[in-house]
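# Summary of the model geometry
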Amino acid sequence: MLYPDIDPVVLALGPLKIHWYGLTYLIGMVGGWWLARVRVKKPGSEWTAAQVDDLLFYVALGVILGGRLGYILFYGFSNWLADPLALLRLWEGGMSFHGGFLGVLLAMYLYGRKHQRGFFQLTDFIAPFIPLGLFAGRIGNFINGELWGKATDLPWGMQLRCDQFLHVCRDKLLLPPGTELSPPLHPNQLYEALLEGALLFLLLWLFSARPRPRMAVSALFLIGYGSFRFMIEFVRMPDVHIGYLAGGWFTMGQLLSLPMIIIGVWMLGHAYRRTTLSSPTYRD
C-alpha cells in the first residue's frame, strides 16, 4: 500500500493555517468532554456539568504543555538547544504521551487543591476519557506522516515516497540516494490508535461503569496503556538521535512505559486489598 498524499493543512485563511494535527487533538478533547458530560447526568454522580467544564481546561493545559515539554526533554533536547523556537511549532508534530501524562497529573493536583477533591477521585473520573485523545492524536500522527514502524511484509504495510520522507528513507532506513519508495512499513500510528485509543477506551468505559475501589480505574489505565505501548514499541522505529537503549530492542518508549505497568499493578492490588464495606468506591 502506498501512503496517501495528505495535506497536513485542513484550511488556510491567508497567514492563518489550521493543521490536521491540532484539529485531531481538539476533536479528542471535545469528545472526552462530551462523554464526561453524558456520564455526570447519571443518578448519584459526584460531579456537575460546570465542574466538568472547568476540569477540561486543566486537562487541556496539562496535555499541551506537558506533552510538548516532555517531547523536548525525552526525545528532542539536543534539537531544542539548537533551535529553541521549535518548542512553539506544535503543528510540526512532536508531542510526548508520557510528558502529557505528567502534565495532566500536575493539573489534577492543582484542580484538586482548588476544589477540595481527592487526587484519585479525579484521576479515576478522567481515566476513561483519555484514550479518546490518544486515538485522535495517533490519527494526527498518521496524517503528519510520523512515528513509522519497521519494515514488514504484512499486506497493510505502507510504502513512503522517499522524496517526501527523506528523513525516514535516508536517516532511519539508510536507503541509498535515488531510492523512490521505502519498503512497506508498519503503520505504527494506527496500531496505537486502535490499542491505546479504541480498545483501551472500551476497557475503561466498561470497567468504570460500575462502582470500583478508589484508584482501581486509574490503575487499569496505567496497566493498559503501559502494556500496549510496550508491545507496539517492538515494531516502531526509534528516533535516530536516541536509537535503542539496550540489547538492540529496548527503546525510550518502553523505558517510560515500564514504570506505568509496575505502578499500575501495585495500585490495582492495593485498591482491592483495602476494599471493605466502608471503603470509598469509584462512582461516576
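We now turn to the structure provided with this report. Everything numeric in this text was worked out from a predicted model, so none of it was measured.

Bringing the state of the cysteines into the picture now. As enumerated under the stated definition, the model contains 1 disulfide in all. Residue Cys-162 pairs covalently with Cys-169 via a disulfide, S to S 2.2 Å. Here the S-S torsion is close to -80°, and the disulfide linking Cys-162 with Cys-169 is therefore left-handed. Neither Cys-162 nor Cys-169 differs from the other in exposure class; each is buried.

As a further point, take the pattern of salt bridges. Within this structure, the stated rule accounts for 8 salt bridges. For the salt bridge of Asp-54 with Lys-114, the shortest nitrogen-to-oxygen distance reads 4.0 Å. Placement of the pair is Asp-54 in helix H2 (residues 49-74) and Lys-114 in helix H4 (residues 97-115), with a sequence separation of 60 residues. A relative accessible area of 23% places Asp-54 in the partly exposed class.

What follows is about the pairing of strand E2 (residues 16-19). Here strand E1 (residues 9-13) pairs with E2 via 4 bridges, running antiparallel. Within E2, the position partnered with Ala-12 by the bridge is Lys-17. Linking E1 to E2, which pair antiparallel, is a turn of 2 residues; within it Gly-14 sits at a positive phi near 65°.

If you look at the biggest cluster of nonpolar residues, it comprises 18 residues, and the most contacted ones within it are Phe-97, Phe-101, Leu-200, Phe-221, Leu-222, Tyr-225 and Met-260. Only H4, helix H8 (188-207), helix H9 (216-232) and helix H10 (252-273) provide two or more residues apiece to this core. At 7 residues, H9 tops the list of elements feeding residues into this core. Met-260 has contacts with Phe-97, His-98, Phe-101, Phe-221, Leu-222, Ile-223, Tyr-225 and Gly-226, leaving out every residue within four places of it along the chain. Among the nonpolar cores identified, the runner-up in size contains 17 residues, and Leu-35, Trp-47, Val-59 and Phe-201 belong to it.

The calculated volume of the second largest pocket comes to roughly 340 Å³. Elements supplying a minimum of two residues to the lining of the second largest pocket: H4, helix H5 (119-126), H9 and H10. Per element, the largest residue contribution to the lining of the second largest pocket is 6 residues, and it comes from H10. Its residues assigned to classes, the lining of the second largest pocket shows 18 nonpolar, 3 polar and no charged.

Geometry of an aromatic ring pair is reported as the spacing of the ring centres plus the angle between the planes. One pass over the structure, following the stated rule, counts 21 aromatic pairs. Ring geometry for Phe-97 and Phe-221: centres 6.3 Å apart, planes at 50°, overall tilted. Separated by 124 residues along the polypeptide, Phe-97 in helix H4 and Phe-221 in helix H9 bring together distant segments of the chain. For Phe-97, a relative accessible area of 11% corresponds to the buried category. On the basis of relative accessible area, Phe-221 is assigned to the buried category, the value being 3%. Clustering of aromatic rings is evident, with ring pairs tying together Trp-47, Phe-57, Tyr-58, Tyr-111, Phe-125, Phe-129, Phe-201 and Trp-205. In this structure, Arg-39 packs its charged tip against the face of Trp-205, placed 3.9 Å from the ring centre. Against the face of Trp-47 rests Arg-117, its NZ or CZ located 3.9 Å from the ring centre.

Tracing the sequence through the fold places Phe-207 in helix H8. Separated by 82 residues in the primary sequence, Phe-207 and Phe-125 have C-alpha atoms spaced 12 Å apart. Beyond its immediate sequence surroundings of up to four residues, Phe-207 is in contact with Arg-212, Ala-216, Val-217, Leu-220 and Tyr-272.

Calculation criteria
- Residues numbered from 1 in each chain as written.
- Predicted model: local features only at pLDDT ≥ 70, side-chain atom pairs only at ≥ 80, totals over all residues.
- Heavy atoms only, no water.
- Disulfide = S-S within 2.5 Å.
- Buried < 20%, exposed > 50% of the residue type's maximum accessible area, 1.4 Å probe, protein only.
- Salt bridge = Lys/Arg side-chain N within 4 Å of Asp/Glu carboxyl O.
- Helix = DSSP H or I, 4+ residues; strand = E, 2+ residues; numbered from the N terminus.
- Pairing = 2+ DSSP bridges.
- Core = buried A, V, L, I, M, F, W, Y, C linked by side-chain atoms within 4.5 Å.
- Contact = heavy atoms within 4.5 Å.
- 1 Å grid on protein atoms, 1.4 Å probe; cavity = no way out; pocket = protein on both sides within 12 Å on 5 of 7 lines; lining within 4 Å.
- Points joined across faces, edges and corners; volume = space filled by probe spheres on them.
- Nonpolar A, V, L, I, M, F, W, Y, C, P; charged D, E, K, R; others polar.
- Phe/Tyr/Trp six-rings, centres within 6.5 Å; stacked < 30°, edge-to-face > 60°.
- Lys NZ or Arg CZ within 6 Å of the ring centre and 35° of its normal.

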